[in-house]
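# A structural walkthrough
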Amino acid sequence: MEKTEEVSIQTKAERIRDVIRYIKKFKNAAIVIYLDDRIIDSPLFTSHIHDISLLHDAGLKVSIVPGAHRRIDKILNENNIDWTIRNGCRITNPEAIPLIKTAAFDVSNTIMTSLAGEHLTAVIGNWVRARGKGVLDGIDYGTSGEIDKLEDSAIEQVLENGFIPIFPCIGWSLSGKPYNISSIQLATQIAIHMQADKLFFLVPEVEISKKYFSIPEEIGLSPEGNIPAMNIEEVDSLLKANKTNDRHLNDTDELTSENIISMLELARMACTQGVTRVHLLNSSFEGTLPCEIFSDLGSGTMVYSSNYGKFRAMRREDISGVLSVIRPFVNKKILLPRTEKQLLGSYNDYIVYELDGAIRACAALHIYDRKQAEIAAVAVDESCSHIGIGPKMISYLIDKAKTISLESIFILTTQTADWFETLGFHPDSIDSIPQKRKESWSPERGSKVFRLQIKK
């Protein structure tokens, strides 16, 4: 078998392992999906519905909240009823609410029918208790409402029976009076109420990149310039860098940067109130939902609480994972090969970066004497190479060296000198490294020494 064919099989196998791992992780997980109603008229609508059915078949408990603003616009225009948008809310007179209800349930029925085509049963229900927004700052919000309560037991029963609940953007007061509710805010509140594992905003053309936003340096970018993932603190940093005076979701077909920022604010709120992860996905891409769930960094932007990935000490059971992470760097002759026996004898020197139960990065701190140590075997899986794990891992080891009062850290490298120099390492002589390490240095390989002095 040729080397390239072997690498290709290894890559495919790792992807399959990821899918199996995520299926196990998210079995019975609660997920809430907000579907922008522009998706319904797009060529990819049936593909997204098929993907939702696959998620349901994989054992996830799916709830759907469809947007309906375009359908509502159309029916109000046809009936010559005026409305205005203030602070993301549609303000109409009472005669509009029957038409708004019709439009909202029409959209929900379209989704229910499409799911039936996938042999799934969906249920449209009136599980949302609402109250009128009333008069705020002198503005009468009329038929616009806010969520007051969700009917927990009824929703849970639907999910336990294997059905998919669909939530129209309508809520009812205790007296049965209907109110129009923002669909995306409804999806957020449902996810918080359920303490969902995932909340998805599936919206056409949504993109969080340096093309449209000021991106703080500490936030990692993909090679295309997009943000694949942010923790809550990084979201705060992004919002601060892109601050405007008056942000709210506009009820229009145009997706503005202000709308995306409003989604990020909702995502942040959801994560701070118990939702594990929120995903902003571009519905213009086919397969974006399964890619986001069944891979580490998916296809959109994920907002997460700080326990998403973590550095920790390596354990014996991590050896196969570490070897897998190191292997591509060995093939490129960036790292020397390690064997299972070698790792078994030195695993206490290593740290790993664990992401959803999989090892995605590693590095070692080999201590030679009371003055210096070597950082070695630095490797980051390609899927995580653009989110800043490498520098954070080096910083982690530097902090570890400080705790034991080392004076300096050195590295030996053939191809990554520039990267280490950006982290503060400077060229040094091969004669400066400990004799024990010098004995294993190979003139043929010609590794260069770089050193970082540790500040007290």
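Residues numbered from 1 in each chain as written. Predicted model: local features only at pLDDT ≥ 70, side-chain atom pairs only at ≥ 80, totals over all residues. Heavy atoms only, no water.

## Some points on the packing of helix H6 (residues 183–194) against helix H8 (residues 257–272)
What counts here: For helices, the axis comes from a line fit to the C-alpha atoms of the stretch in contact; other axes are also lines fit to C-alpha atoms, and the angle between any two N-to-C directions lies between 0 and 180 degrees. Secondary structure is summarised from DSSP: a helix means a run of H or I of at least four residues, a strand means a run of E of at least two, and numbering begins at the N terminus for each. Oblique is the label for any angle not under 35 degrees, not over 145, and not in the 65 to 115 range, which are roughly parallel, roughly antiparallel and roughly perpendicular in turn. By the definition used in this description, the sense in which the near helix is turned from the far one sets the handedness, with an anticlockwise turn below a right angle giving left-handed and a clockwise turn giving right-handed. Contact definition: two residues touch when any of their heavy atoms are within 4.5 Å. Gly falls in the polar group here, along with every residue not listed as nonpolar (Ala, Val, Leu, Ile, Met, Phe, Trp, Tyr, Cys, Pro) or charged (Asp, Glu, Lys, Arg).
The interhelical angle for the contact between H6 and H8, taken along N-to-C directions, is 15 degrees, at an axis separation of 10 Å. Taken together, the axes of H6 and H8 lie roughly parallel to each other. Like other packed secondary-structure pairs, H6 and H8 cross with a definite hand, here right-handed. Between H6 and H8, the residues in contact are Ile184, Gln185, Thr188, Gln189 and Ile192 and Met263, Leu266, Met269 and Ala270, respectively. Considering only residue class, the contact of H6 with H8 consists of 6 nonpolar, 3 polar and no charged.

## Focus on the packing of aromatic side chains
Aromatic ring pairs are defined here through the distance separating the ring centres and the angle between the ring planes. The cut-off we apply is this: Each pair of aromatic rings taken from Phe, Tyr and Trp, with Trp reduced to its six-membered ring, is defined by centres within 6.5 Å and is described as stacked if the planes are under 30 degrees apart, edge-to-face if over 60, and tilted in the remaining cases. For a lysine, the NZ atom is tested; for an arginine, the CZ atom; a charge sits over a ring if that atom is within 6 Å of the ring centre and within 35 degrees of the ring normal.
This model, assessed by the stated rule, comprises 8 aromatic pairs. A centroid spacing of 4.9 Å and a plane angle of 80 degrees characterise the contact between Trp419 and Phe420, whose relative ring orientation is edge-to-face. Aromatic rings pair up to connect Phe311, Tyr353 and Tyr396 into one cluster. It is Arg90 that lies over the ring of Trp83; its NZ or CZ is 5.0 Å from the centre. Positioned above the aromatic ring of Tyr141 is the side chain of Lys133, whose terminal nitrogen or guanidinium carbon lies 5.5 Å from the ring centre.

## Focus: H6
Keep this limit in mind: Residue count minus one, scaled by 1.5 Å, sets the expected span of a helix. For the exposure calls, accessible area comes from a 1.4 Å probe over protein chains only, and a residue counts as buried if that area is under 20% of its type's maximum, exposed if over 50%, partly exposed in between.
Along its 12 residues, H6 runs 16 Å from first to last C-alpha, staying within 8% of the 16 Å computed at 1.5 Å per residue. For H6, the full list of buried residues reads Ser183, Ile184, Leu186, Ala187, Thr188, Ile190, Ala191 and Ile192. Summarising the contacts, the buried residues of H6 are in contact with strand E1 (30–35), strand E2 (61–66), strand E6 (128–132), strand E9 (145–150), strand E13 (198–203) and H8. Gln195 sits one or two residues past H6 and shows a positive phi near 55 degrees.

## Topic: the pairing of E1
Counted only if it meets this: A pair of strands is considered paired only if DSSP assigns at least 2 bridges between the two. Handedness of a crossover is defined as follows: with both strands directed away from the viewer, a clockwise route from the first strand across the helix to the second makes it right-handed.
With 6 of its 6 residues buried, E1 lies for the most part within the structure. Residues Ala30, Val32 and Tyr34 point to one face of E1 and Ile31, Ile33 and Leu35 to the other, with burial holding for every one of them. Bridge analysis of E1 against E2 gives 6 bridges, and the strand direction is parallel. Of the residues in E2, the one forming a bridge with Ala30 is Lys61. Assessed by its sense of winding, the connection that carries the chain from E1 through helix H2 (residues 45–57) to E2 is right-handed.

## Observations concerning the pairing of strand E23 (residues 448–453)
With 6 bridges connecting them, strand E21 (residues 408–413) and E23 associate as antiparallel partners. When the bridges of E23 are listed, Ile411 appears paired with Phe450. Here strand E22 (residues 426–428) runs beside E23; their pairing, made up of 3 bridges, is antiparallel. Bridge assignment links Pro427 to a residue of E23, and that residue is Phe450.

## Topic: the environment of Glu156
For Glu156, the position within the fold is in helix H5 (residues 152–160). Residues Glu156 and Met194 lie 38 residues apart in sequence; the distance between their C-alpha atoms is 9.3 Å.

## Remarks on the pattern of salt bridges
Rules: Salt bridge, as used here: a side-chain nitrogen of Lys or Arg that lies within 4 Å of a carboxyl oxygen of Asp or Glu.
Counting across every chain of the model gives 19 salt bridges. With its nearest N and O atoms 2.8 Å apart, the salt bridge here joins Arg90 to Asp73. With Arg90 in strand E4 (residues 89–91) and Asp73 in helix H3 (residues 69–78), this pair connects stretches of sequence that are 17 residues apart. Both residues of the pair, Arg90 and Asp73, belong to the buried class. The shortest N-O distance in the salt bridge between Lys438 and Asp431 comes to 3.9 Å. Classification of Asp431 as exposed rests on a relative accessible area of 58%.

## Let's talk about the packing of H3 against helix H4 (residues 97–116)
For any two helices packed against each other, the geometry is given by the interaxial angle and the distance between the axes. Running from amino to carboxyl end, H3 crosses H4 at an angle of 140 degrees, the nearest separation of the two axes being 9 Å. The pairing of H3 with H4 is recorded here as oblique in orientation. Of the two elements, H3 crosses H4, and the hand of that crossing is right-handed. Residue-level inspection shows Arg71, Ile72, Ile75 and Leu76 of H3 in contact with H4, the latter providing Leu99, Ile100, Thr102, Ala103, Asp106, Val107 and Thr110. Its residues assigned to classes, the contact of H3 with H4 shows 7 nonpolar, 2 polar and 2 charged.

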